[in-house]
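# Residue-level structure breakdown
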Amino acid sequence: PPFQAEDGIRDCLRGLVGSEMCIRDRTRNVTVYPPSVGGTLTGGSSSITYKESTGLLSLSGQRGNIRKWQRMLDANPWEDLLTTSSSYAEIPIAAGAWQYRVEVRNGSCAEAYSDSWSVTVQPRQIFISPEPGQGKTVGEEDPVFTYTNSEWADSTRFTGALGREPGEEIGFYAYTLGDLSAGPNYAEILDPEPTFTISAPVGLGHPLEREDLNMIA
């Protein structure tokens, strides 16, 4: 693109008329813009946890008007953000590797993009605590293991279930996360303290009845 200025430009238009050369001069005003420059993003956080803000991203050094912001998660296509402000912040909707950039256009020149700003959104830790006192008698089926969590008042947002160490002998068994999941935006952390108890049927004379197990604990 030419320089930004209005300038008189003489166009010589030549055409042949019969055997004669006809030359016509005219003056034309042309507005010329320098190339668009995307600028630089600064100010945000480079690593956050799910449900936290990116911090305020600010654009500087651009040439032209801001047309829109864009964001991209992992290898997905760029997504338009309908804002023309020189700064932007948000709470990302998912854990993963996010990128942000700005589209700038100066006059009729081609658009240019700022450098991209990368933000890694780590899964949010969620603590799982099996409820104490869960157990069964030898030969019974395992119950559905109940638990509390640090994020919500109930467990309705989870899929799967807790598990436990294998074994059917009388004793104490550690819980495992099994296939319990709160989704890709969370990292489940299991409380190791509560254990699952397998007891002898009370009154059958087994050397380890429930009362004895409680003493061992």
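A few points on the structure.

Moving on to unusual backbone geometry. The phi dihedral of K51 is positive, around 85°, even though this residue is not glycine. Along the polypeptide, K51 turns up in the loop between strand 4 (47–49) and strand 5 (57–60). For K51, a relative accessible area of 38% translates into the label partly exposed.

What follows concerns the sheet that holds strand 14 (residues 147–149). Strands sit in the order 14-12-17 across an open sheet of three strands; the sheet is mixed. Of all the strands in the sheet, the pair left with one neighbour each is strand 14 and strand 17 (186–190). The mean angle between the axes of side-by-side strands here comes to 30°, regardless of whether they run parallel or antiparallel. Judged from the three bridges that link them, strand 12 (residues 124–130) and strand 14 form a sheet pairing that is antiparallel. By the bridge assignment, P130 is partnered in strand 14 with Y147.

We now examine the sheet that holds strand 13 (residues 135–137). Taken in spatial order, the four strands make up an open sheet running 13-18-16-15, and their pairing is mixed. The open sheet terminates on both sides in strands that have one partner only, identified here as strand 13 and strand 15 (163–164). Strand direction decides the pairing type here: strand 15 and strand 16 (residues 171–176), joined by two bridges, are antiparallel. By the bridge assignment for strand 16, R164 is matched with Y175.

Thresholds, definitions, all that
- Residues numbered from 1 in each chain as written.
- Predicted model: local features only at pLDDT ≥ 70, side-chain atom pairs only at ≥ 80, totals over all residues.
- Heavy atoms only, no water.
- Helix = DSSP H or I, 4+ residues; strand = E, 2+ residues; numbered from the N terminus.
- Buried < 20%, exposed > 50% of the residue type's maximum accessible area, 1.4 Å probe, protein only.
- Pairing = 2+ DSSP bridges.
- Axes fitted to C-alpha atoms, helices over the stretch in contact; angles between N-to-C directions.

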